[in-house]
Amino acid sequence: MNYYAYHLALREEEVKGIKLALLPGAPERCCKIASAFGDFEELASHREFKTVKAESEEGKILVVSTGIGGPSLSIAVEELAQLGVRLFLRVGTCGAIQEGIAVGDLVISEGAVRMDGASPHYAPLSYPACAHWEMVGALKKACELLRCRYHLGITCSSATFYPGQERYDTFSGYIISSLRGSREEWKKLGVLNYEMEIATLFTVARVLGLRSGAICGVLVNRNEKEEVEEEKIEEIEDRLSQVAAEAARLILSGEE
Ligand code: URA
């Protein structure tokens, strides 16, 4: 059988034997992440899903963009699992909600609040969204080896960028009552950051018997301001790519 992944536009034979995928949201980040790992080759590009194969001494990996949000991430993970991938690391960006987390710091998620919208299609909301400890270990070790500032904890994954993350700088400026005050509440409960995909990844991976982890670069601290500083994005993406590639090497070489 030679499975064809419809959304990813990939054939099984093109990715045979590859067990690990790094998952950025943005297609334009795939090549940067792949180049931090080793030589790379673009395999496919269809809708939000771009796939790049990279190879280093430690082995081969895929870098696959998932697009924004849980629904498209779930498609990517489902199809990659059918293609033989078993280990998944999300490599994304986020907004911090705790004081003391600086723009450019990295956040490793141990677990995620399931406001993603997609994960209840896989398991009831009482089911936890948690990372695999080996993936957390590899990401932590990679940050330490590369001397990057990092934070470990719980992430809130929201189905929306604006109301779900309680942003008022919108067209209407209105947020429904059930979400008003939610940012302050997550902050009080110790949640570190907002993003949009991790809860889906952790839930889908667990339910399907796969291993997952996630690391995000901090684009903004919401206690300080709402706007992302565009000029810092490239530096943050570089750091994130180096750490993700190092974590992939550690996982492939069996050091984690
Ligand atoms: N991605 C998000 O979902 N939220 C942010 O604040 C930044 C990146």
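Look up a bit, the structure's there.
Fair warning: this is a prediction, and the values are worked out from it, not measured in the lab.

Asks: Help me get a handle on the packing of helix α3 (residues 133-145) against helix α6 (residues 230-252), residues and values and all.
Replies: The geometry of α3 relative to α6 is characterised by a closest axis approach of 8 Å and an angle of 125 degrees between their N-to-C directions. Taken together, the axes of α3 and α6 are oblique relative to one another. Here α3 and α6 pass one another in a crossing that is right-handed. Across the interface between the two elements, Met135, Ala138, Leu139, Lys141, Ala142, Cys143 and Leu145 from α3 touch Val243, Glu246, Ala247, Leu250 and Ile251 from α6. In terms of residue class, the contact of α3 with α6 is made up of 10 nonpolar, no polar and 2 charged.

Asks: Can you tell me about empty space enclosed by the protein, naming the residues and giving the values?
Replies: Counted by the stated rule, this structure contains 1 cavity of 30 Å³ or more. Here the largest cavity defines a volume of roughly 30 Å³. Along the walls of the largest cavity sit Arg29, Lys32, Ile33, Val91, Glu237, Leu240 and Ser241, which together make up its complete lining. Sorting the residues of the lining of the largest cavity by element identifies α1 (30-37) and α6 as the ones contributing at least two each. Among the elements that take part in the lining of the largest cavity, α6 stands out by supplying 3 residues, more than any other. In the lining of the largest cavity, the residues fall into 3 nonpolar, 1 polar and 3 charged.

Asks: If you had to explain the site of the ligand to someone new, which residues and values would you point to?
Replies: Close to the ligand lie Thr93, Cys94, Gly95, Phe161, Gln165, Arg167, Tyr194, Glu195, Met196 and Val220. With respect to the ligand, the backbone of glycine 95 contributes an N or O atom lying 3.4 Å from an oxygen atom. Contact between the ligand and glutamine 165: a nitrogen atom at 2.8 Å from a side-chain N or O atom of the residue. Of the pockets mapped on this structure, the ligand occupies the largest pocket.

Asks: Which residues make up the pairing of strand β10 (residues 150-158), and what are the values?
Replies: By the bridge criterion, 9 bridges tie strand β8 (residues 106-115) to β10 in an arrangement that is parallel. What sits directly across from methionine 115, in β10, is serine 158. Bridging between β10 and strand β11 (residues 193-195) involves 3 bridges; their strand directions are parallel. Residue pairing across strands places serine 157 opposite glutamate 195, the latter belonging to β11. Once the chain exits β10 it traverses helix α4 (residues 182-188) before rejoining the sheet at β11, and the crossover so formed is right-handed.

Asks: Requested: an account of the pattern of salt bridges, with residues and values cited.
Replies: Per the counting criterion, the structure on display carries 17 salt bridges. Close ionic contact of glutamate 134 with arginine 211 constitutes a salt bridge, the shortest N to O distance being 2.3 Å. Placement of glutamate 134 in helix α3 and of arginine 211 in strand β12 (residues 211-221) is noted, with a sequence separation of 77 residues between them. Taking the relative accessible area as the measure of exposure, glutamate 134 reaches 19% and is therefore buried. Glutamate 144 serves as the salt-bridge partner of lysine 140, at 3.1 Å between the closest nitrogen and oxygen. A residue pair is termed a helical-turn pair when its members lie 3 or 4 positions apart in one helix, as lysine 140 and glutamate 144 do in helix α3 at 4 residues. The class of glutamate 144 is partly exposed, set by a relative accessible area of 41%. Through salt bridges with shared partners, one network takes in Arg29, Lys32, Glu237 and Asp238.

About the cut-offs
- Residues numbered from 1 in each chain as written.
- Predicted model: local features only at pLDDT ≥ 70, side-chain atom pairs only at ≥ 80, totals over all residues.
- Heavy atoms only, no water.
- Axes fitted to C-alpha atoms, helices over the stretch in contact; angles between N-to-C directions.
- Helix = DSSP H or I, 4+ residues; strand = E, 2+ residues; numbered from the N terminus.
- Parallel < 35°, antiparallel > 145°, perpendicular 65-115°, else oblique.
- Left-handed = near helix turned anticlockwise from the far one by under 90°.
- Contact = heavy atoms within 4.5 Å.
- Nonpolar A, V, L, I, M, F, W, Y, C, P; charged D, E, K, R; others polar.
- 1 Å grid on protein atoms, 1.4 Å probe; cavity = no way out; pocket = protein on both sides within 12 Å on 5 of 7 lines; lining within 4 Å.
- Points joined across faces, edges and corners; volume = space filled by probe spheres on them.
- Near = heavy atom within 4 Å.
- Polar contact = N/O pair within 3.5 Å; in protein donor to acceptor, adjacent residues only side chain to side chain.
- Sits in = over half its atoms within 2 Å of the grid points.
- Pairing = 2+ DSSP bridges.
- Right-handed = clockwise from strand over helix to strand, strands pointing away.
- Salt bridge = Lys/Arg side-chain N within 4 Å of Asp/Glu carboxyl O.
- Buried < 20%, exposed > 50% of the residue type's maximum accessible area, 1.4 Å probe, protein only.

Shape descriptors only; they carry no functional weight alone.
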